[in-house]
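# Remarks on the overall topology
Spelled out, the chains give:
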Amino acid sequence: PSGDGYECLPHKVFQALAILTLAVQPRGVLKLDDDHRLLDGQVLLRLMHSAATASDAVQYGQVNRMQLPSSHHRAWHFGKCRDAAVGKRVLEMPAPQQWAAGSAGYILNRPALWRVLWGSLYYQRWLNEILYEDIALAELATKTGIRVVSTHMEQAITAVGDY
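The rules we used
- Residues numbered from 1 in each chain as written.
- Predicted model: local features only at pLDDT ≥ 70, side-chain atom pairs only at ≥ 80, totals over all residues.
- Heavy atoms only, no water.
- Phe/Tyr/Trp six-rings, centres within 6.5 Å; stacked < 30°, edge-to-face > 60°.
- Buried < 20%, exposed > 50% of the residue type's maximum accessible area, 1.4 Å probe, protein only.
- Helix = DSSP H or I, 4+ residues; strand = E, 2+ residues; numbered from the N terminus.
- Pairing = 2+ DSSP bridges.
- Contact = heavy atoms within 4.5 Å.

Scanning all chains against the criterion turns up three aromatic pairs. With 5.7 Å between their ring centres and 75 degrees between their planes, Tyr123 and Trp126 make a pair best called edge-to-face. On the basis of relative accessible area, Tyr123 is assigned to the partly exposed category, the value being 25%. A connected cluster of aromatic rings, assembled from ring pairs, spans Trp118, Tyr122, Tyr123 and Trp126.

This is the structure we're talking about:
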């Protein structure tokens, strides 16, 4: 159970991945935003296969890198949250210097999904505060040993201009 506001996205995504992991134990999961569509199925299949056959926990995605810690746009959620107070608050937490962009889509393999399940159980309060699901996942990756692999997701997935 999770709220449906923008501010609930980290908790909602972690819970959805946890449920998928428990229900079907997939070899991998592709998460992407609702304004992205398939561009090249063969490229996506190759990326999914590569992630699924990795021997360690991996996340494939378009990696954002910042020169300074927490120098990302810390107000992305402004005006998007149901809770007006949260919608005006700047993220006041440390953030990683690199993360796989949630907007571009990312792939998690089975070992990584089990770590997300663990995080969804043990970090619920934090997930309700962090505001960014991709940054939350990067933090979990750092803390639990998920290897982040920079891939060209734009070769497989494309953004839709209008939706």
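The two faces of the sheet receive side chains in turn, since in a regular strand these alternate between them. Only one face of strand 1 (residues 28-31) is covered, namely the one carrying Val29 and Lys31; the face carrying Gly28 and Leu30 has none of its residues buried. Strand direction decides the pairing type here: strand 1 and strand 6 (residues 106-109), joined by four bridges, are antiparallel. By the bridge assignment for strand 6, Lys31 is matched with Tyr106.

Within the secondary structure, Val13 sits in helix 1 (residues 9-24). The class for Val13 is buried, based on a relative accessible area of 12%. Between the C-alpha atom of Val13 and that of Leu137, which follows or precedes it by 124 residues, the distance is 9.7 Å. Apart from the residues lying within four places of it in its own chain, the contact partners of Val13 are Lys31, Tyr106 and Glu133.

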